[in-house]
Amino acid sequence: MTSDIVKSSAATARRGASGKLGWLQNPVWNKGTAFTAAERETLGLRGLLPPRVFTQEEQVERIMQTLRRMPNDLERYAQLIALQDRNEALFYRVILDHLDEMMPIIYTPTVGKACQEYGNLFRRPRGLYLSAADRGEVARVMRNWPHRDVRVIVVTDGERILGLGDLGTYGMGIPVGKLSLYTACGGIHPRVCLPITLDVGTENTTLLSDPFYTGLRQRRLRGPAYDEFIEEFIRATRKVFPRALIQFEDFGNLNAFRLLKQYQTRVRTFNDDIQGTGAVTLAGIYSALRLTGRPLAEQTVLFQGAGEAGIGIGDLIVAALMAEGVPQAEARRHCWFVDSQGLVVQGRGELAAHKVPYAHAHASCPDLLSAIEALRPTVLVGVSGMPKSFTQGVVEAMARHNPRPVILALSNPTSKAECTAEEAYGWSQGRAIFASGSPFPPVTLEGRRFVPGQGNNAYIFPGVGLGVLSCGARRVTDSMFSHAAKALAQEVQESDLQQGRIYPALQRMREVSAAIAVAVAEEAYRLNLAEVPRPADLRGHVAGQMYQPQYPSYV
Ligand code: NAD
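Residues numbered from 1 in each chain as written. Predicted model: local features only at pLDDT ≥ 70, side-chain atom pairs only at ≥ 80, totals over all residues. Heavy atoms only, no water.

J.: I'd like a description of the packing of helix α6 (residues 88-97) against helix α7 (residues 99-106), backed by residues and values.
T.: At their nearest, the axes of α6 and α7 sit 6 Å apart, and the two run at 115 degrees to each other. It follows from the interaxial angle that α6 and α7 lie roughly perpendicular. Contacts from Phe91, Val94, Ile95, Leu96 and Asp97 of α6 reach α7 at Leu99, Met102 and Ile106. Taken together, the residues of the contact of α6 with α7 break down into seven nonpolar, no polar and one charged. (Axes fitted to C-alpha atoms, helices over the stretch in contact; angles between N-to-C directions. Helix = DSSP H or I, 4+ residues; strand = E, 2+ residues; numbered from the N terminus. Parallel < 35°, antiparallel > 145°, perpendicular 65-115°, else oblique. Contact = heavy atoms within 4.5 Å. Nonpolar A, V, L, I, M, F, W, Y, C, P; charged D, E, K, R; others polar.)

J.: Give a detailed account of the pairing of strand β4 (residues 245-248), specifying residues and quantitative values.
T.: Residue alternation in β4 divides its side chains into two sets, Leu245 and Gln247 and Ile246 and Phe248, and both sets are buried. Summarising the sheet, strand β2 (residues 152-156) and β4 pair through four bridges and their orientation is parallel. Residue pairing across strands places Val152 opposite Leu245, the latter belonging to β4. Here β4 pairs with strand β5 (residues 269-271) via three bridges, running parallel. Paired with Ile246 across the strands is Thr269, a residue of β5. Each parallel crossover has a hand, and for β4 linked through helix α14 (residues 253-263) to β5 it is right-handed. (Buried < 20%, exposed > 50% of the residue type's maximum accessible area, 1.4 Å probe, protein only. Pairing = 2+ DSSP bridges. Right-handed = clockwise from strand over helix to strand, strands pointing away.)

J.: How would you summarise the site of the ligand if you had to cite specific residues and measurements?
T.: The environment of the ligand is formed by 24 residues, the closest being Arg160, Asn253, Ala309, Gly455 and Asn457. Within the contact set of the ligand, an oxygen atom lies 2.9 Å away from a backbone nitrogen or oxygen of Glu308. For the ligand, an oxygen atom lies 3.3 Å from a polar atom in the backbone of Leu410. With the chains in place, 84% of the 860 Å² that the ligand exposes on its own is no longer accessible. The set of elements that each furnish at least two residues to the shell around the ligand consists of α16 (308-323) and β7 (335-339). The class makeup of the residues in the shell around the ligand is seven nonpolar, 14 polar and three charged. (Near = heavy atom within 4 Å. Polar contact = N/O pair within 3.5 Å; in protein donor to acceptor, adjacent residues only side chain to side chain. Areas by Shrake-Rupley, 256 points an atom, 1.4 Å probe, with all protein chains shown as cover.)

J.: Before we move on, could you go through unusual backbone geometry and cite the residues and values that matter?
T.: In this structure, Pro109 follows Thr108 across a cis peptide bond, with omega equal to 5 degrees. Mapping Pro109 onto the fold places it in the loop between α7 and α8 (110-116). Along the chain, Asn412 connects to Pro413 via a cis peptide bond; the corresponding omega equals -15 degrees. For Pro413, the location among the structural elements is in the loop between β10 (406-409) and α20 (421-427).

J.: Which residues make up the nonpolar core, and what values do they have?
T.: Among the nonpolar cores identified, the biggest contains 157 residues, and Val94, Leu130, Met142, Ile153, Ile196 and Phe233 are the most heavily contacted of them. Among the elements that take part in this core, helix α24 (residues 509-526) stands out by supplying 11 residues, more than any other. Setting aside anything within four residues of it in sequence, one finds Phe233 in contact with Leu130, Val138, Met142, Ile153, Val155, Ile196, Leu198 and Ile246. Counting residues in hydrophobic clusters, the runner-up holds 28 residues, among them Trp336, Leu343, Ala424 and Phe450. (Core = buried A, V, L, I, M, F, W, Y, C linked by side-chain atoms within 4.5 Å.)

J.: Which residues make up the sheet that holds strand β6 (residues 301-304), and what are the values?
T.: Taking strand neighbours across the sheet as the criterion, the seven strands line up as β8-β7-β6-β9-β10-β11-β14 in an open arrangement whose pairing is mixed. At either margin of the open sheet sits one strand with a lone partner, and together these are β8 (342-343) and β14 (453-454). Of the pairings in the sheet, the one linking β6 to β7 comprises four bridges and is parallel in character. Following the sheet pairing, Phe303 is matched in β7 by Phe337. Along the sheet, helix α15 (residues 272-292) contacts β9 (379-382), β10 and β11 (433-436); its crossing angle with β10, the most-contacted strand, is approximately 155 degrees. Those strands touched by helix α18 (residues 368-375) are β6, β7, β8 and β9, and its axis lies near 175 degrees from that of β6.

J.: Break down helix α4 (residues 56-69) for me, citing the residues and quoting the values.
T.: Between the first and last C-alpha of α4 there are 20 Å, a value that for 14 residues agrees with the 20 Å anticipated at 1.5 Å per step. If you check which residues of α4 are buried, you get Gln56, Gln59, Val60, Ile63, Met64 and Leu67. For α4, the angular spread of the buried residues around the axis is 135 degrees, confining them to a single face. For α4, the secondary structure elements touched by its buried residues are α5 (73-86), α6 and α7. (Expected span 1.5 Å × (residues − 1). Arc of directions from axis to C-beta.)

J.: I'd like a description of the pairing of β9, backed by residues and values.
T.: Two faces make up the sheet, and in a regular strand the side chains alternate between them. Of the two faces of β9, the one lined by Val379 and Val381 and the one lined by Leu380 and Gly382 are each fully buried. The sheet contact formed by β6 and β9 spans four bridges and is parallel. Across the sheet, Val301 pairs through a bridge with Val379, a residue of β9. Looking at chain direction, β9 and β10 are connected through four bridges and run parallel.

J.: Which residues make up the pattern of salt bridges, and what values do they have?
T.: Counting across every chain of the model gives 35 salt bridges. Here Asp73 ties to Arg76 by a salt bridge, and the two come within 2.6 Å at their closest N and O atoms. One end of the pair, Asp73, and the other, Arg76, are both in helix α5, three residues apart, so they sit about a helical turn from each other. Across the pair Glu494 and Arg290 runs a salt bridge, and its minimum N-O distance is 3.3 Å. Of this pair, Glu494 sits in helix α23 (residues 494-498) while Arg290 is found in helix α15, placing the two residues 204 residues apart along the sequence. (Salt bridge = Lys/Arg side-chain N within 4 Å of Asp/Glu carboxyl O.)

J.: How would you explain the side chain of Asn87 if you had to name every residue and give the values?
T.: One can find Asn87 in the loop between α5 and α6. The exposure class assigned to Asn87 is buried, which follows from its relative accessible area of 3%. At 3.5 Å, the side chain of Asn87 and the backbone oxygen of Asn30 are in polar contact. Apart from residues lying up to four places away in sequence, Asn87 is in contact with Pro27, Asn30, Lys31, Gly32 and Tyr551.

Dropping the structure here:
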């Protein structure tokens, strides 16, 4: 998959750089001060660059110094995007070599702020905008994308960006950021990645009244008009980019569930907010259970928030229990949900379809704390976007009922987290097994150091994408996510667990993604969904597909 793209790009570069400036201005070919003396001579670049030749490592060091001197992460984000526009290989080298430091900038939490400021940050367009005004011509507009060989599309309609709500076209920061992670973490070549924003309007009145808003200034399409537009988008994608995997991202929850159900069995697609979140959280729970020593079948999981993330996690836990032989109805009773109206129970009134399977027969509980007292959950998962909702009382109640309460405060960005790492460890006297959606620094409590894990979907989707592309899977099944979760949990080492960390170190992301890709491809072969014949050495085949951000030689 990837190697042929790398070769052809070096060859294309030699043939196609139109004029000398092409070498310096095209981010795909540009090496900046790292063009060697021989390249400068041959390509006619002598004098167009300062004389000293730098190595890529030296360039990385210089960029890091600049970034570290900047006053805040939003400025670092802008600087990184400018680097991506200038020198792609250097951008990915910087990210890959400093994932710990860079991930919170190119993705959550900074990407949230960046989306809110997208109108001001906008310098060069990146990705494809398909708007309601393009109806009937979506395929034609898609063909304007300069590359034919697209293998991964991340698409949003901007309706529910992280926990920040409707940001219309400013949501483009999310597909752009996710695809950077596909490349950095999963080694998917950047040339085959395509971020797409579907501009169907916005309900955000601030944006609608902003004279500089970049999207359509109209309310969102709804009902049949919306569905027809999505259908046209899917059909156009199949025609123009037939090999592409389509990842749905940050759609409003009623559309997200519906569209997943509708397209999951028709095209190569998944929804990261539902399935990716399910897998990363299930993996974290598996790791936490290595610390508590109790099996999944003994857990009661209480969710605060019954949206895409919560139901996605619940469904995967149910699938995992069923794979262990637990009947579906019983498996579902391991998962309970509190939404804005209190505990989701039978007879509470009309419920959205995705909540119905989890509306168990039980007395009503008006809020989270009363639900904890009634159900005594072993695992508490925050996915409501309601900041500070894991109060001292909530954490203390979890700690009263469990020797090692598992507390996952997953709402993003940091400002939306249900509690901080310090609060979770402090209020539970260091007994909580804690992870969050956005990163928190390590906490020292009475001389003990705790390293909170980050339940970041970036542990899952790049590996899933790599696996799907490596074997040419025609569909992406829920069982692939169960296997991805297990593979991720297996990558957590004893040394991680000893520090309280239930996810692997971010620096190991490439190895982790490769392991997940192998698990996903194995499942595709098992289900007879793979188009690529099974290689003798699947692990070697997957590793061989991964893009390395090294400069090619042009002479
Ligand atoms: P969503 O809009 O689909 O769901 C939010 C849910 O929270 C809804 O069910 C809503 O009824 C419920 N809710 C709202 N107010 C509440 C209240 N006061 N009490 C209880 N429940 C309440 O959103 P989502 O996709 O499920 O995402 C929710 C949050 O999870 C976001 O902040 C998102 O950033 C985060 N998230 C984190 C990860 C991760 O860390 N890996 C992945 C996905 C989502």
